[in-house]
Amino acid sequence: MASAQVPRIQGQGAAASAMGNAFAAQADDPSALHYNPAGMTQLRGLQLMAGALIAGGSTDFTSPTGMTARGDRNGTVAWPPPGHSYLTANLKDLGLTALGDLSAGIGLTVPFGSLTRWPNDGPFSTVTTFSSLPLLDIKPTLAYKVTNNLSLGLGADIYTFSGLVGEGHVEKQSIPSAGVTTELFGKDTAAGFNASLLYTALRNVDGKPLANVGIVYRSQATLHLSGALLANGANVSDARATLVLPQIITGAIAIWPVRTSEREWKVEMDVDYVGWKSVRNLDVTLGNGTTIAQPQNWQSTYAVMLGTEYKWLALESLPNWEVALRAGYTNQQSQMPDLTFDPGIPSADLNIIGGGLGLLCKEQGSFLGLIRCGDLGASSLKPKAIGVDLSLQAALYEDRTVSGNRNPALDGTYRTTLYNGSVSIRVIY
């Protein structure tokens, strides 16, 4: 029997990904729905954003006796890729003034997930050959501007599974004995909530922020997974397990050393606390009442994210365009102790470096010199701006040597490198 795996996927917008996900104090595009919902009050009109994160790479394992194996993302890249989509509306801009400075939005993200494949004839085929967790988060959210410098956000996180993304359930496969392939799967829907704050401590003469502080709280959520245990495709037993997603607390500060009508330069630092200690066990209860103990005893972790963005707002060579260059770095701790380590997901101290490019064509801007960007809409629905953001990251896991695992077959050295590419398309009405 094998554990469900719940690594955190931070890249929920290409602009933020390019800045090492240091974005909670900036939060000025629709991905604010994920990074800091209070930032939605900065967005004008109606805005759409959608994109995907392409992840690839491998994990190399070497046992103490020299046996080797390589795991991957069920191929060169994980498919289907984790996606993100957002819709935000500034109700005052849309003529609904009775509610004051209220903004509303809804998002669909994949904040937790995994996809890992190991060889069927590998050193731990009896433990895992394939694992997948395509968990969706539906995010209806409100944000309110209390004062000119303070905004608050409140939203729901509805975690669920869908057959539109992967298999539509948690899944783990192994080969406990020759000729027998077992599969354990389950799914559920659970709800949590998020609360957020964005405070502007300093503005320039044009009223644009020069120093922002962001605070975000995301609650725990408990999934009571219900499914079955299969052997060679045949149902052996019903199966149940409980998975507690962690609470997450984020603190962030962003400073703009330069912010004029022609250019902007931002630097930001975010710190995340992730309460992985909520994953104490993943015990599986079968239909006959038998419980298979799977202690986990994960440990809570911190992640530090540093990011910067330099933006040109008035280039002579590209009138009515904005061009941004971005870079970022993330340091993230491992949550899994050696005793309960599972190769179904990479777990080691992690360093992520990356960068990216952002292009925004305003209404009067020209696309390839052929058509105005404001004319790219359909019928009377013409955009005020259209943008694309691109990012590329290298996730460099520190070599990890596992010893003293509950299953001695998992002891050994793991070397993991992953690569992430992200694209987001943004339309402003």
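Just so you know, the residues in each chain are numbered from 1, in the order the chain's sequence is written. Per-residue local features are limited, in this predicted model, to residues with pLDDT of at least 70; the limit for side-chain atom pairs, both in listing and counting, is 80 or more; totals at the level of whole chains, interfaces and linings are taken over all residues. Based on all heavy atoms of the structure, the side-chain values leave hydrogens and waters out of the count.

Okay, the overall build of the protein next. Only runs of H or I of at least four residues qualify as helices and only runs of E of at least two qualify as strands under DSSP, and these elements are numbered from the N terminus. Regarding its fold elements, the protein presents two helices and 24 strands. Principal-axis analysis of the C-alpha atoms places the extent of the protein at approximately 70 × 45 × 40 Å. It only takes one pair of heavy atoms within 4.5 Å for two residues to be counted as in contact. For the protein, restricting intrachain contacts to residue pairs at least 6 apart in sequence, the fraction spanning at least 24 positions comes to 69%. A positive count includes Lys and Arg, and a negative count includes Asp and Glu. His and the chain ends are not counted in either. Lysine's charge is taken at NZ, arginine's at CZ, aspartate's at CG and glutamate's at CD. One way to put it: in the protein the 29 positive side-chain charges average out to a point 5 Å from where the 33 negative ones average out.

Salt bridge, as used here: a side-chain nitrogen of Lys or Arg that lies within 4 Å of a carboxyl oxygen of Asp or Glu. Within the structure shown, the criterion is met by 18 salt bridges. Between arginine 70 and aspartate 60 there is a salt bridge, with its nearest N and O atoms 2.6 Å apart. With arginine 70 in strand β2 (residues 68-77) and aspartate 60 in strand β1 (residues 46-62), this residue pair connects regions lying 10 residues apart in the sequence. Taking the relative accessible area as the measure of exposure, aspartate 60 reaches 27% and is therefore partly exposed. Bridged by salt links that share partners, the residues Asp137, Lys139 and Asp157 form one connected network. Burial here depends on accessible area, computed with a 1.4 Å probe over protein chains only, as a share of the maximum for the residue type. Under 20% is buried, over 50% is exposed, and the range in between is partly exposed.

Before going further, it helps to examine the packing of aromatic side chains. Stacked, tilted and edge-to-face pairs are distinguished by plane angle, under 30 degrees for stacked and over 60 for edge-to-face with tilted covering the rest, among Phe, Tyr and Trp rings (Trp via its six-membered ring) whose centres lie within 6.5 Å. Across all of its chains, the model carries 12 aromatic pairs by this definition. Members of the aromatic cluster, each reached through a chain of ring pairs, are Phe61, Trp118, Phe124, Phe341 and Tyr414. Note on geometry: a ring has a charge over it if NZ (lysine) or CZ (arginine) is within 6 Å of the ring centre and within 35 degrees of the ring normal. Above the ring of tryptophan 256, the side-chain terminus of arginine 259 is found at 4.5 Å from the ring centroid.

The next subject is a nonpolar patch on the surface. Taken together, the side chains of Ile253, Ile255, Trp265, Val267, Met269, Val304 and Leu306 define a hydrophobic patch exposed on the protein surface, amounting to about 530 Å² of accessible area. Counting residues per element, the ones that place at least two in the nonpolar patch are β13 (248-259), β14 (263-274) and β17 (301-312). Sorting elements by how many residues they give to the nonpolar patch places β14 first, with three residues. Its location among the elements puts isoleucine 253 in strand β13. Each patch is built from residues that are more than 30% exposed by relative accessible area and take part in no salt bridge. Like charges join if they lie within 9 Å; nonpolar side chains (Val, Leu, Ile, Met, Phe, Trp, Tyr) join within 5 Å. Surface accessibility in these figures is a Shrake-Rupley result with a 1.4 Å probe; residues are shielded only by whichever protein chains are displayed.

Turning our eyes to something else, we now look at the state of the cysteines. Only a pair of cysteine sulfur atoms within 2.5 Å qualifies as a disulfide here. Across all of its chains, the model carries one disulfide by this definition. The side chain of cysteine 361 participates in a disulfide bridge whose partner is cysteine 373; the two sulfur atoms lie 1.8 Å from each other. Handedness here is read from the sign of the S-S torsion; for cysteine 361 and cysteine 373, about 95 degrees, the answer is right-handed. Of this pair, cysteine 361 sits in strand β19 (residues 350-362) while cysteine 373 sits in the loop between β21 (371-372) and β22 (385-397), and the two are 12 residues apart along the sequence. Residue classification places cysteine 361 among the buried positions, given a relative accessible area of 2%. A relative accessible area of 3% places cysteine 373 in the buried class.

Moving on to the nonpolar core. Within soluble globular proteins, side chains that are nonpolar tend to cluster in buried spots. Of all hydrophobic cores here, the largest spans 29 residues; its most connected members are Phe112, Phe124, Leu135, Leu223, Leu243, Leu245 and Tyr414. Those elements that provide at least two residues to this core are β5 (130-147), β11 (221-231) and β12 (234-245). Of all the elements, β11 adds the most residues to this core, at three residues. We define a nonpolar core as any set of buried Ala, Val, Leu, Ile, Met, Phe, Trp, Tyr and Cys residues linked to one another through side-chain atoms lying within 4.5 Å. Leu33, Met40, Met49 and Tyr86 belong to the second largest nonpolar core, which has seven residues in total.

The next thing to look at is the pairing of strand β9 (residues 190-203). Strands are treated as partners if at least two bridges between them are detected by DSSP. The pairing of strand β6 (residues 150-160) with β9 spans 10 bridges and is antiparallel. Residue pairing in the sheet places alanine 156 in a bridge with phenylalanine 193 of β9. Bridging between β9 and strand β10 (residues 209-218) involves nine bridges; their strand directions are antiparallel. Among the inter-strand pairings, arginine 203 is bridged to a residue of β10, identified as proline 209. Adjacent in sequence and paired antiparallel, β9 and β10 are bridged by five residues, among which glycine 207 carries a positive phi angle near 85 degrees.

As a further point, take the side chain of glutamate 183. Structurally, glutamate 183 can be placed in strand β8 (residues 180-187). Beyond its immediate stretch of four places on either side in the chain, glutamate 183 contacts His169, Glu171, Lys172, Gln173, Ala228, Leu229 and Leu230.

Here we come to the side chain of serine 334. With respect to the secondary-structure elements, serine 334 resides in the loop between β18 (321-332) and β19. On the basis of relative accessibility, which here comes to 11%, the residue serine 334 falls in the buried class. A distance of 2.8 Å separates polar atoms of two side chains, one belonging to serine 334 and the other to serine 347. Among the polar contacts made by the side chain of serine 334, one reaches the side chain of arginine 400 at a distance of 3.0 Å. Distance and chemistry together define a polar contact, namely a pair of N or O atoms within 3.5 Å, with one atom able to donate a hydrogen and the other to accept it when in protein, and with adjacent residues in sequence counting only for side-chain atoms on both sides.

Sheet analysis places β11 next to β12, joined by 11 bridges and oriented antiparallel. Residue alanine 221 lies in a different strand from β12, and its bridge partner there is leucine 245. Following β11, the chain reverses through two residues before pairing antiparallel with β12; asparagine 232 in that reversal takes a positive phi of roughly 50 degrees.

A separate point is unusual backbone geometry. The step from tryptophan 79 to proline 80 runs through a cis peptide bond, and the omega angle for that step is 0 degrees. For proline 80, the location among the structural elements is in the loop between β2 and β3 (83-90). Positioned with a positive phi, asparagine 74 is a non-glycine residue whose angle comes to about 65 degrees. Locating asparagine 74 in the fold gives a position in strand β2.

Within the secondary structure, proline 257 sits in strand β13. By relative accessible area, proline 257 is classed as partly exposed at 44%. In this view, proline 257 contacts Trp265, Lys266 and Val267; residues no more than four positions away in its chain are not counted.

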